[in-house]
Amino acid sequence: MPVLRAEDLTRRFGDRDVVQGVLLGLEPGESAAVLGPSGSGKTTLLHMIGILERPTRGRVLLDGADAWSGGAAQRARRRLCSIGFVTQQGNLIGHLSARDNVALPSWRKSGYRAGALREADEILEQLGVSAVAAERAATLSAGEAQRVAIARALVNAPRLLLADEPTANVDSENGARILEALSMAQRQGAATLLVTHDAAVAARMGRILRLLDGRLIS
Amino acid sequence: MAAAVGFQIPNSANRAGYESELLREAVSFGNGDVRVRPRETSIFADADALASRLSRYPGVRTALPVLLLPGAIRGKGALNGAPVLGVNTTSPFHPFRLIAGELLSSGDSQGVLVGRSLAERLPVSVGDRVVLHVLLPPTPKMLHEDNARRYTLVVRGLVGGTFGAQESVFMDREFFAQDLGMPRAASMVFVYLDNHDRARSLAQLIAAEMPQVQARAWIDDSAYLSSSMQASRALGAISEAMVVAAVVIPVLALLFVHVLNRRRDIGILAALGFGPAEIFFVFLTQALWVGLLGSVLGCGIGWVLIRHFQAHPIFEWEGFVIRPLLVWGSFVRPVLVVLSATVLAGTYPALRAARLDPAPVFRGLV
């Protein structure tokens, strides 16, 4: 059974369909890049799949179940347990330490803080950022912040990892480290969907899907 | 928040102190919790038996017979009209407070206690002689006799008491009643209880069991006293309402701005999988912490102010002193009011936080 299946996914803003009739699927451990220019609807597509923006039409199936069904609390729980997010800005909580940022989803899921911190330490070690674990997120460099964000996305061992231009704000050396970190998700068996306008980054994924004016063209 | 609690605690304590002092003055050093008067006649012929019966009701500390007659008193100046009360002044409760001198001994035929305001007008002080004229009650026995009695007495003490004692003259009832030929008579019996709140129910019970008497609780017998208590409570409620407004408006604004400033963090939490209810409670808990911290600081401020007002009362006159009453309610009620107001004020910002759309955060728009 595919981890992700998007059917006829459409999002309309005003009188314009930003994303139109997208159909895609991802198997466990599979990775794909959605490649497209700015404004092509990449982020909107990712948000619909990530249960952040409700599709105007179509549906998203996670492990065969409708991701948008149920109430807000159920959808939040689905995001917590099944989806990991990495965004362009990292989106860490600035006043918390890197370690606390990573531990947050795990703590929320298990309700056990000590265990969550232990898991955070492990994953920060695996991603090579354990040296900054105690530092406030706001003081981290862009590359460090992005790797900490990946650690946070992976800490609950998600079935689906969504990454939105994760290398856009970092230099090529840090970009390579970030892509290496993302590949860890695949090794853990998660399906990875990455959106980017950088063909070189897209080439690191198993499959490339091109998005133009909201439509998948390949 | 701390200022609101710190203001309201001494305010509540002073108000409680005022009500307590008012009751002490008007009831404990006044006319008692329940005032028992004859229904048909002007005098109880055997008030001692009635007092003895009344003192057997549960919660009664003292039942004090009082013989009240109109009179006039002359000291060093002009004659002044004054009510004359015959009471057992050595009773643990009596309708005055001794300010200077000493109480009358049982059977004292030479001494008198004079209300302080009256003494200033006469003018007399402890040890001076006064001439007292007492108008006798119109009983059949007195019809053919002189209807007034004249005494020359020594002022043994000066007494106070806001509810009448300042302007009254007190004689020993045992001597007074005996001298008038009515050794066990009294115009009324003042009943003093250990709990002022039970006065009304006891008055009803007495009236039901003794149809020949009229029994009235202090709250029904003294319109001034009951109005004063009501006014004090109304002022307390107004003060609480002002505190609620003083807390709700700034806390609401503060937490609302806090939520606006934390939209990015809230969006991240929502996107990570925190549900609306959890985000709501995170922010409501923050409001509660603000309230708790403010309450703790406010309790400290309130405690210091209470100590100050205990040393320097806000009102002091003739023994009527308003000191803050240190009871749990003086702290608990303001804290609960402020905490409730804080939670109320925190609810709207917390709701706004819970309903925040995380998508704009992840688009980098926030």
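Every chain is numbered on its own, with residues counted from 1 as its sequence reads. Chain letters and ligand numbers both follow the written order, the letters beginning at A and the numbers at 1. Residue-level local features of this predicted model are given only where pLDDT is at least 70; pairs of side-chain atoms are given and counted only at 80 or more, and the full residue set underlies all totals for whole chains, interfaces and linings.

**Side note on the overall build of chain A**
Heads up, the rule is: Here a helix means four or more residues in a row that DSSP labels H or I, a strand means two or more in a row labelled E, and each is numbered from the N terminus. As a reference, a globule follows 2.2 Å times the number of residues to the power 0.38, and the radius of gyration itself is taken over C-alpha atoms. Counting other C-beta atoms within 10 Å of a residue's own tells you its class, since 20 or more makes it buried, 12 or fewer makes it exposed, and anything in between is partly exposed; those C-beta atoms are placed from the backbone. Once C-beta atoms have been placed from the backbone, residue pairs whose C-beta atoms lie within 7 Å are recorded as contacts.
What chain A contains, in helices and strands, is 7 helices and 10 strands. At 17 Å, chain A has a C-alpha radius of gyration in line with the 17 Å of a compact globule built from 218 residues. On the principal axes, the C-alpha backbone points of chain A span a range of 45 × 40 × 35 Å. Buried positions account for 52% of the 218 residues belonging to chain A. Sequence-distant contacts, at least 24 apart, represent 71% of the contacts inside chain A between residues at least 6 apart.

**Concerning the sheet that holds strand β3 (residues 31–35) of chain A**
All names here are of chain A. Keep this limit in mind: DSSP calls a pair of strands paired once it identifies at least 2 bridges connecting them. The axes are straight lines fitted to the C-alpha atoms, using for helices just the contacting stretch, and the angles between their N-to-C directions are given from 0 to 180°.
Reading across from one edge, β6-β7-β8-β3-β9-β10 is the order of the 6 strands in this open sheet, with mixed pairing throughout. Taken across any chain shown, the strands that pair with only one partner, and hence form the sheet edges, are β6 (83–86) and β10 (215–216). One ladder, built from 4 bridges, connects β6 with strand β7 (residues 160–164); its direction is parallel. Looking across to β7, one finds that G84 is bridged to L161. Across the sheet, helix α5 (residues 142–154) touches β6 and β7, and the angle it forms with β6 is around 170°.

**Comments concerning the domain arrangement of chain B**
The following threshold applies: Domain ranges listed in this record stem from an automatic or a database domain assignment.
Domain assignment breaks chain B into domain 1 (2–19 + 226–362) and domain 2 (43–186). The centre of domain 1 of chain B, based on its C-alpha atoms, is set 52 Å off from the matching centre of domain 2 of chain B.

**Concerning the environment of B:L180**
All names here are of chain B. Structurally, L180 is set in the loop between α4 (173–179) and β9 (188–193). C-beta crowding within 10 Å serves as the criterion here: with 19 such atoms nearby, L180 is assigned to the partly exposed category. Separated by 44 residues in sequence, L180 and L136 have C-alpha atoms that sit 7.7 Å apart. Not counting chain neighbours up to four residues away, the residues in contact with L180 comprise L136 and R149.

**Side note on the nonpolar core**
Across soluble globular proteins, you tend to see nonpolar side chains buried next to one another. Which entries qualify depends on this criterion: Note on terminology: a nonpolar core is a set of buried residues of type Ala, Val, Leu, Ile, Met, Phe, Trp, Tyr or Cys, with members joined through C-beta atoms within 7 Å.
Ranked by size, the top nonpolar core spans 109 residues in total, and within it A:V148, A:I150, A:A151, A:L160 and B:V338 carry the most contacts. Here the element with the most residues in this core is helix α10 (residues 328–354) of chain B; it accounts for 10 residues. Beyond its immediate sequence surroundings of up to four residues, A:I150 is in contact with A:V86, A:L127, A:I178, A:A181 and A:L182.

**Overview of the interface of chain A and chain B**
Bring the parts together and some accessible area is lost; that lost area is often taken as the interface size. Just so we agree on the cut-off: Put simply, Ala, Val, Leu, Ile, Met, Phe, Trp, Tyr, Cys and Pro go in the nonpolar bin, Asp, Glu, Lys and Arg in the charged bin, and everything else, Gly too, in the polar bin.
Taken together, the contact between chain A and chain B spans 19 residues of the former and 16 residues of the latter. The set of elements that each furnish at least two residues to the side of chain A that touches chain B consists of α1 (42–49), α2 (72–82) and α3 (98–110) of chain A. If one sorts the elements of the side of chain A that touches chain B by residue count, α2(A) sits on top with 6 residues. Classifying every residue of the side of chain A that touches chain B gives 9 nonpolar, 6 polar and 4 charged.

**Considerations on the sheet that holds strand β5 (residues 65–66) of chain A**
Note on sheets: strands pair through backbone hydrogen bonds, and any given pair is parallel or antiparallel. All names here are of chain A. The antiparallel open sheet is built from 4 strands, whose spatial order is β2-β1-β4-β5. Two strands bound the open sheet, and with one partner strand each, they are β2 (16–26) and β5. With 5 bridges connecting them, strand β1 (residues 4–13) and strand β4 (residues 57–62) associate as antiparallel partners. Across the sheet, E7 pairs through a bridge with R59, a residue of β4. Docked against the sheet, α1 engages β1, β2 and β4, running at close to 125° with respect to β1.

**Observations concerning the pairing of strand β5 (residues 111–115) of chain B**
Residue and element names in this part refer to chain B. With 5 of 5 residues buried, β5 lies mostly within the body of the structure. Pairing analysis gives 2 bridges linking β5 to strand β8 (residues 169–172), with the strands arranged antiparallel. Among the inter-strand pairings, V114 is bridged to a residue of β8, identified as V169.

**Comments concerning unusual backbone geometry**
Put simply, B:L122 and B:P123 share a cis peptide bond, and its omega is -20°. Along the chain, B:P123 turns up in the loop between α3 (116–121) and β6 (129–135). Of note, A:D63 is a non-glycine position whose phi angle comes to about 50°, a positive value. Note that A:D63 resides in the loop between β4 and β5. With 15 C-beta atoms packed within 10 Å, A:D63 lands in the partly exposed category.

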